[in-house]
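# Structural description and commentary
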Amino acid sequence: MQTGPLSLSTLALTAIVAASGAHADALRDEALEMFKALPSTVPAVANNPITPAKIELGKALFFDPRMSASGVFSCNSCHNVGTGGDDNLETSIGHGWQRGPRNSPTVFNSVFNEAQFWDGRAADLAEQAKGPVQAGVEMANTPDNVVATLNSMPQYVDWFNAAFEGESDPVSFDNFAKAIEAFEATLITPAPFDAWLNGDDAALSDDQKAGLQQFVDLGCVACHAGTNLGGEGYYPFGLIEKPGADILPVGDKGRFAVTETVDDEYVFRAAPLRNVAITAPYFHSGKVWDLKVAVQIMAESQLGEEMSDESADQIVAFLGSLTGTLPPVVYPVMPAETATTPRPSGEVIVE
Ligand code: HEC
Ligand code: HEC
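Here is a short report on the structure shown in this document.

Parameters and conventions
Counting starts from 1 at the beginning of each chain's written sequence and moves along it residue by residue. A letter from A marks each chain and a number from 1 marks each ligand, given out in the order of writing. Thresholds applied to this predicted model are a pLDDT of at least 70 for local features of residues and 80 or more for the giving and counting of side-chain atom pairs; totals over whole chains, interfaces and linings are not thresholded and use all residues. With hydrogens and water set aside, each side-chain value is computed from the structure's full complement of heavy atoms. Numbered from the N terminus, helices here are DSSP runs of H or I no shorter than four residues, and strands are runs of E no shorter than two. Throughout, exposure labels follow a simple rule: accessible area from a 1.4 Å probe, protein chains only, divided by the maximum for the residue type, with under 20% read as buried, over 50% as exposed, and the rest as partly exposed. What makes two residues a contact is simply this: any of their non-hydrogen atoms within 4.5 Å. Only nitrogen, oxygen and sulfur atoms count as donors, using a 2.8 Å cut-off from the metal that widens to 3.2 Å for Na, K and Ca. Water is left out, so coordination shells may look unfilled. A site with four donors is called tetrahedral when every donor-metal-donor angle falls between 85 and 135 degrees; four donors are called square planar, and six octahedral, when opposite donors sit more than 155 degrees apart and all other angles fall between 65 and 115; any other arrangement is irregular. To get an axis, a line is fitted to the C-alpha atoms, and for a helix only the part in contact is used. The angle between two axes follows their N-to-C directions and goes from 0 to 180 degrees. An angle below 35 degrees is read as roughly parallel, one above 145 as roughly antiparallel, one from 65 to 115 as roughly perpendicular, and any other as oblique. Asp, Glu, Lys and Arg are counted as charged, while Ala, Val, Leu, Ile, Met, Phe, Trp, Tyr, Cys and Pro are counted as nonpolar; the rest, among them Gly, fall into the polar class.

### Focus on the side chain of Gln-116
When you line up the elements, Gln-116 lands in the loop between β2 (98–99) and α4 (125–134). Judged by relative accessible area, which is 6%, Gln-116 ranks as buried. Setting aside anything within four residues of it in sequence, one finds Gln-116 in contact with Ser-110, Arg-121, Ala-122, Asp-124, Leu-125, Gln-128 and Arg-269.

### Quick look at the side chain of Asn-103
For Asn-103, the position within the fold is in the loop between β2 and α4. Once residues within four sequence positions are removed from consideration, Asn-103 is found in contact with Leu-89, Glu-90, Thr-91, Trp-118, Pro-281, Phe-283, His-284 and Gly-286.

### Looking at the coordination of the iron atom of ligand 2
Distances from the iron atom of ligand 2 to its protein donors, His-224 (NE2) and Met-298 (SD), fall within 2.1 to 2.2 Å. Taken together, the six donor atoms coordinating the iron atom of ligand 2 span angles of 88 to 179° at the metal, a pattern that classifies the geometry as octahedral. Here His-224, found in the loop between α9 (206–218) and β3 (234–236), pairs with Met-298, found in helix α11 (residues 291–303); they are 74 residues apart in sequence, far enough to count as distant. Residue His-224 is classed as buried on the basis of its relative accessible area of 10%. By relative accessible area, Met-298 is classed as partly exposed at 24%.

### Structural notes on the packing of α9 against helix α12 (residues 309–320)
Following both chains from N to C, one finds α9 and α12 inclined at 105°, their axes separated by 7 Å at the closest point. Overall, the two elements α9 and α12 adopt an arrangement that is roughly perpendicular. Across from Asp-207, Gln-208, Ala-210, Gly-211, Leu-212, Gln-214, Phe-215 and Leu-218 in α9, the residues of α12 making contact are Ser-311, Gln-314, Ile-315, Ala-317, Phe-318, Leu-319 and Gly-320. Residues of the contact of α9 with α12, tallied by class, amount to eight nonpolar, six polar and one charged.

### Structural notes on the coordination of the iron atom of ligand 1
A metal bound by six donors in octahedral fashion has ideal angles of 90 or 180 degrees, whereas one bound by four tetrahedral donors has an ideal angle of 109.5 degrees. Of all protein atoms, His-79 (NE2) alone acts as a donor to the iron atom of ligand 1, lying 2.0 Å away. Inspection of the secondary structure assignment puts His-79 in the loop between α3 (75–78) and β1 (93–94).

Laid out in structure tokens, this is it:
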């Protein structure tokens, strides 16, 4: 009979397919214990019910440069939703062309971070949003001037009334921050990695799966897990081996400034890794432009591992599977200013 060899090879083929299927499932089972796919709907946020009116208002505020003293900087200046939710600069440039001390993190998926900023000093996005408006090197404004600016434009007053219906003082700095938080909660970017976690085997290439396996086996996952593969937990940058001052500038002691505990010197929040392939440069210092170099620095500083080129390439391939798709953001038409709108001020306030 001629069917012998044929059935044998069919058998062998079936066995290989079954084995690789089982392997893929094992990796997925392992991954599902450590990572979480993004939800398909806008998540709930504590103390801030999210409504369409609030999202639309928050979007206008996010894009409105008149929220800064100079009238030049909006949230979108440093968190450009068209370029990965960051500014692609080493450290951000704000009011009066001043350069800030840290790299701008992406706002995408930031709603899933345990706390905000590189050092986690803001508990949530609403608290966070009040920071940059007042920071002398960012928007250099005051809460009173923001509220005066909003009150000067009837369209904004209407929008606040609609978004915070029934409140006694709808146009407030608190509600400004809550509306922005609502908009930011919509900036969620499902990626091939999510499709794979949800069962689509073809969503990751073999290289990406190999990279994921390494990411897990080497221990990156100890700090970069959960929905954002990071964004939670605080660790010394240089747990095993401290990077040089060219990457970890001595002046920025990270979480030490928040807790004033010596143990927290050079401690930072594990960086969230979604969209990391499109948010160079890397680290709070923004000193590293090449993702592969950043991965090798991590292996050395956090794990004490000299990482081979091949491993680093595979991990970079895996990290590429975290680049997601932002839901369409339609550029808002903002309210027109009036005779009472505070004039832009170029005065540089040095803190
Ligand atoms: C001049 C540039 C600049 C402007 C303008 C700016 N930001 Fe930022 N933003 C930064 C930088 C730099 C950081 C990191 C600062 C730190 O960690 O100390 C940051 C951090 C954040 C974070 C934390 C993300 C994370 O992963 O921890 C969010 C969210 C955010 N900004 C939202 C906003 C919003 C909302 C506005 C407008 C109200 C705004 N930013 C205006 C530069 C800017
Ligand atoms: C012990 C905890 C820990 C381990 C293990 C760890 N990381 Fe990190 N990772 C961090 C912290 C903390 C930061 C933020 C560093 C800073 O202050 O800039 C970070 C930052 C990063 C960044 C830069 C992200 C950005 O947006 O700038 C990448 C990429 C990264 N890690 C990848 C990895 C990889 C890959 C591994 C495994 C080889 C790994 N990490 C292991 C804690 C860790």
